[in-house]
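One-letter residues, chain by chain:
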Amino acid sequence: MQFLRMKPGHGEVLLTEGDVDVPQDEQRLIDEFRAQLDAGMWAAVPVRAAAGRREARMVRAFDEIPRDAERVIFFPRAAGGAL
Amino acid sequence: MLLALFATSAVILALLWEISFPRLERWSEQRRSRRERSAIEGYDPGRERRAERRARQLLKSCVGDEEWSMYRDLGFLRVWGRLTGGPEQGGTQATEAGAPYAYLVYPHKPIVSYLPQTRRLLAEYCVAFPDETRPYGSARLPDSDDVLAKWMALTGDERRLIDSANMHLPGRQVDPRQVRRDLWRLSEWERTRLARQRRATGATAP
């Protein structure tokens, strides 16, 4: 599983990666997930819906990430207005 | 005679103005945008281009083929609304089982909601994803990352995104004439794509 973060002036950055079935990797992923959410990021997992259509699943806790997800994408939380 | 000549000149001038005004407006907007970007300390056009290239690859890998082609060809994405139930009967794959409304997602512009059946514009949702860490002096994501963020938030948790946005009537920031042109371009694009698919599968039009 890879954790990617969108970044201005760069595109996505690989934050960390690991196998969720390996306890050490899983702990590292959990720590990074919390750090990103604490920094105000939103997290989304791109998935394929039942009809084959692509969509995303927004996740607010590590447990909500599907175990077989390949990527979790972090991006700054939405703010209304000033465009 | 002189009056006729004057009237003709006035009509020609009015027509020329009508044709050139959108171009002038676009040119002025691009110039303003370039100036704003240049004003950011440490702005590097090469780095921004590379960032955009990476962002496009990420977008392509996340959205479906149809959405990616739409964005590549037209410069925006259409996302079907899901907050209310569409009609059970009469829906087609193209209208996502009769989805009652949809959104047009532009890079760094408000999201526009509309009724696909009538092309009536409903609202603008002003929303941004500012990264306040400003790694290179700007809080602005690359264009394709902004589109992907909107797409993920809309398909993943539409209510949350809409609640975070400022809603306005159509026309506040995005020119309704441009949106209508884009809706027309979208319908032409879909027609051409459908025809190409039919040719590829050897099927005939009904």
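Residues numbered from 1 in each chain as written. Chains lettered and ligands numbered in written order. Predicted model: local features only at pLDDT ≥ 70, side-chain atom pairs only at ≥ 80, totals over all residues.

Peer 1: What should I look at first to understand the overall build of chain B in this one?
Peer 2: The helix and strand tally for chain B stands at five helices and five strands. When its helices and strands are written in sequence order, chain B yields α-α-α-β-β-β-β-α-β-α. Looking at chain B as a whole, 27% of its 206 residues are labelled buried. Contacts in chain B between residues at least 24 apart in sequence constitute 60% of all its contacts with a sequence separation of at least 6. (Helix = DSSP H or I, 4+ residues; strand = E, 2+ residues; numbered from the N terminus. Buried ≥ 20, exposed ≤ 12 C-beta atoms within 10 Å, placed from the backbone. Contact = placed C-beta atoms within 7 Å.)

Peer 1: It is not clear to me how the overall build of chain A should be interpreted in this structure. Could you clarify?
Peer 2: Within chain A one finds one helix and six strands. In chain A, the order of α-helices and β-strands from amino to carboxyl end is β-β-α-β-β-β-β. Dimensions of chain A, computed from C-alpha atoms along their principal axes, come out at roughly 45 × 35 × 20 Å. Relative to its full complement of 83 residues, chain A shows a buried share of 33%.

Peer 1: Looking at this structure, I do not really get the interface of chain A and chain B. What am I missing?
Peer 2: Frequently, the measure chosen for interface size is the accessible area that the parts lose on association. Contacts between the two partners involve 25 residues from chain A, matched on the other side by 39 residues from chain B. Taken together, the elements giving at least two residues each to the side of chain A that touches chain B come down to strand S1 (2-7), strand S2 (11-17), strand S3 (41-48), strand S4 (54-59), strand S5 (71-76) and strand S6 (79-80) of chain A. Within the side of chain A that touches chain B, the residues separate by chemical class into 14 nonpolar, five polar and six charged. Two strands pair when backbone bridges link them, and S6 of chain A and strand S4 (residues 120-128) of chain B are joined in this way by two bridges, in the antiparallel orientation. Bridging across to S4 of chain B, Gly80 of chain A finds its partner in Val127 of chain B. (Nonpolar A, V, L, I, M, F, W, Y, C, P; charged D, E, K, R; others polar. Pairing = 2+ DSSP bridges.)

Peer 1: Is there a simple way to think about the sheet that holds S4 of chain A in this case?
Peer 2: Strand pairing in a sheet relies on backbone hydrogen bonds, with the paired strands running either antiparallel or parallel. Pairing is mixed in the open sheet, where five strands are placed in the order S2-S1-S5-S3-S4 (chain A). This sheet does not close on itself; its edge strands, each paired only once, are S2 and S4 of chain A. The mean inter-strand angle of the sheet, taken between neighbouring strand axes irrespective of direction, is 30 degrees. Direction of pairing for S1 of chain A relative to S2 of chain A: antiparallel, over a ladder of six bridges. Within the sheet, the bridge partner assigned to Leu4 of chain A lies in S2 of chain A and is Leu14 of chain A. Along the sheet, helix H2 (residues 45-62) of chain B contacts S2, S3 and S4 of chain A; its crossing angle with S2 of chain A, the most-contacted strand, is approximately 65 degrees. (Axes fitted to C-alpha atoms, helices over the stretch in contact; angles between N-to-C directions.)

Peer 1: Which parts of the structure should I look at to understand helix H3 (residues 65-74) of chain B?
Peer 2: Every α-helical turn comprises 3.6 residues, leaving residues that sit three or four positions apart pointing alike. All names here are of chain B. Where H3 is concerned, the buried positions are Glu67, Met70 and Tyr71. Seen from one end, H3 has its buried residues packed into an arc of 95 degrees, which puts them on one side. Opposite the buried face of H3, at more than 90 degrees from it, the exposed residues are Asp65 and Arg72. Its buried side turned inward, H3 meets H2, strand S1 (77-80), helix H4 (143-164) and helix H5 (176-201). (Arc of directions from axis to C-beta.)

Peer 1: Help me out: how do you make sense of helix H1 (residues 23-38) of chain A in this one?
Peer 2: Counted at 1.5 Å a residue, the expected span for H1 of chain A with its 16 residues is 22 Å, and the 22 Å between its end C-alpha atoms agrees. Downstream of H1 of chain A by one or two residues, Gly40 of chain A has phi in the positive range, about 90 degrees. (Expected span 1.5 Å × (residues − 1).)

Peer 1: Looking at this structure, I do not really get the packing of H3 of chain B against H5 of chain B. What am I missing?
Peer 2: Helix-helix packing is described using two parameters, namely the angle between the two axes and the distance between the axes. All names here are of chain B. Packing of H3 against H5 brings their axes to within 11 Å, and their N-to-C directions diverge by 125 degrees. Judged by the angle between their axes, H3 and H5 are oblique. Helix-helix and strand crossings are classified by hand; for H3 and H5 the assignment is right-handed. In this structure, H3 uses Met70, Asp73 and Leu74 to contact H5, whose residues at the interface are Asp182, Arg185, Leu186 and Trp189. Tallied by class, the residues present in the contact of H3 with H5 amount to four nonpolar, no polar and three charged. (Parallel < 35°, antiparallel > 145°, perpendicular 65-115°, else oblique. Left-handed = near helix turned anticlockwise from the far one by under 90°.)

Peer 1: Just to check I follow, could you spell out the nonpolar core for this structure?
Peer 2: In a soluble, globular protein the nonpolar side chains are often hidden away together inside. Residue and element names in this part refer to chain B. Of all hydrophobic cores here, the largest spans 54 residues; its most connected members are Val105 and Trp151. Counting residues per element, this core draws most heavily on H4, at nine residues. Leaving out residues up to four positions away in the same chain, Val105 has contacts with Phe76, Leu77, Val79, Ile111, Val147, Lys150 and Trp151. (Core = buried A, V, L, I, M, F, W, Y, C linked by C-beta atoms within 7 Å.)

Peer 1: Would you mind going over unusual backbone geometry with me for this structure?
Peer 2: If a residue is not glycine, its phi is most likely negative; likewise, a peptide bond is most likely trans. Residue and element names in this part refer to chain B. The phi dihedral of His108 is positive, around 55 degrees, even though this residue is not glycine. Of note, His108 is situated in the loop between strand S2 (102-105) and strand S3 (111-115). The phi angle at Arg119 is positive, at roughly 60 degrees, despite the residue not being glycine. Within the element layout of this structure, Arg119 appears in the loop between S3 and S4.

Any functional reading would require information beyond the geometric quantities listed.
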